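# Analysis of the macromolecular model
Given next are the chains, with one letter for each unit.
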Amino acid sequence: MTLQDLTGEFTVLDVVLALALSFTLSAFIGWIYKITHRGSSYTQSFVFTLVLNGMVVALVMMIVGSNIARAFSLVGALSIIRFRNALKETRDVGFIFFTMAVGMAVGTRFYWLAVIAAVVISLIILLMTRFNWFARKVSNQILRIQVPAGTPFDTLFDSLFLEYTSVSELISVDTVHSGLVTELTYSIGMKKPAVEPFLDGIKKLNGNNRVTLVTGYNNTDL
């Protein structure tokens, strides 16, 4: 049985094979995403989206085929779609393109290419995660310090930063509590795990106002 009214190119078996293979490979990619994810932004719905994305792209590629007019009409139809949720991690974009590429390969009948690419790229992702490639030796942390408004904070904490941190950078200065308090946000790298003496020293200098140290900044979504 040939679906001549749809594409004239593929059979029902082709459709089932493409959808089944794209589902299997996309689900495999979703599993790789799950076990390599770090931080607190993991959502089940995003993994569902990855699986659906691979299957839909495979279907789209089968619909388009080699028909240029059909491809342009599809681009016009998809241009009305707007995404409301911003991705928190750049690696999420990579996984979206990963499933899209696999779906495109399946939809254009490059089955072995899709399987080999999915396996090889997934192994590379696992290796990078397992051996923590490209991680900085000094783990950055976020330090938030509240000081009374009008406090000259430019050099107030320099001696403490010099003693306890290897790097420190002022990221932002905000006013809170109706302008009565100034909140300073620093990116720091601790020399040694002496957190309590460091925070106690800051509290002595900022009038015992609030001090917050967000550890594991590299893996934490702020």
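### Some remarks on the sheet that holds strand β3 (residues 181-190)
A sheet is described by the order of its strands in space; here four strands give the open sequence β2-β3-β1-β4, paired in antiparallel fashion. A single partner strand is all that each edge strand has here, and the edge strands are β2 (165-176) and β4 (211-214). Ignoring which end each strand starts from, the neighbouring axes of this sheet average 20° apart. The pairing of strand β1 (residues 140-148) with β3 spans nine bridges and is classified as antiparallel. Directly across from Asn-140, in β3, lies its bridge partner Gly-189.

### Focus on unusual backbone geometry
Despite not being glycine, Asn-132 shows a phi value in the positive range, around 55°. Judged by relative accessible area, Asn-132 falls into the partly exposed class, the value being 40%. Although it is not a glycine, Ser-178 adopts a positive phi angle of roughly 60°. Taking relative accessible area as the criterion, Ser-178 reaches 79% and is therefore assigned exposed.

### Observations concerning the packing of aromatic side chains
In this structure the tally under the stated criterion is 10 aromatic pairs. Ring plane angle 80° and centroid distance 5.0 Å describe the contact between Tyr-33 and Phe-95, whose orientation is recorded as edge-to-face. Taken as a pair, Tyr-33 in helix α1 (residues 12-36) and Phe-95 in helix α4 (residues 90-107) lie far apart in primary sequence, 62 residues in all. We classify Phe-95 as buried; its relative accessible area is 4%. An angle of 45° between the planes, with centres 5.5 Å apart, marks the rings of Tyr-164 and Phe-198 as tilted. Of the two residues, Tyr-164 is situated in helix α6 (residues 158-164) and Phe-198 in helix α7 (residues 195-205); the sequence distance between them amounts to 34 residues. Just as Tyr-164 is buried, Phe-198 falls in that class too. Three or more aromatic residues joined by ring pairs make a cluster, and in this case those are Tyr-33, Tyr-42, Phe-46, Phe-95 and Phe-98. The ring centre of Phe-131 lies 5.3 Å from the NZ or CZ of Arg-130, which sits over that ring.

Reading the values: rules and limits
- Along every chain, residues carry numbers that run from 1 in the direction the sequence is written.
- It should be noted that, the model being predicted, local features are given only for residues of pLDDT at least 70 and side-chain atom pairs only at 80 or more, the latter also being counted only at that level, while totals for whole chains, interfaces and linings use all residues.
- The side-chain numbers reported here are obtained from all heavy atoms of the structure, hydrogens and water having been left aside.
- Two strands make a pair as long as DSSP finds a minimum of two bridges between them.
- Segments assigned H or I by DSSP are reported as helices when at least four residues long, segments assigned E as strands when at least two residues long, and all are numbered from the N terminus.
- Between N-to-C directions, angles span 0 to 180 degrees; the directions come from axes that are lines fitted to C-alpha atoms, helices contributing only their stretch in contact.
- Throughout this description, buried means an accessible area under 20% of the type-specific maximum (1.4 Å probe, protein chains only), exposed means over 50%, and partly exposed covers the range between.
- Pairing of aromatic rings covers Phe, Tyr and Trp, the last counted by its six-membered ring, and requires centre-to-centre distances within 6.5 Å; plane angles under 30 degrees mean stacked, over 60 mean edge-to-face, and any other angle means tilted.
- Placement of a positive charge over a ring is assigned whenever Lys NZ or Arg CZ falls within 6 Å of the ring centre and within 35 degrees of the normal to the ring plane.

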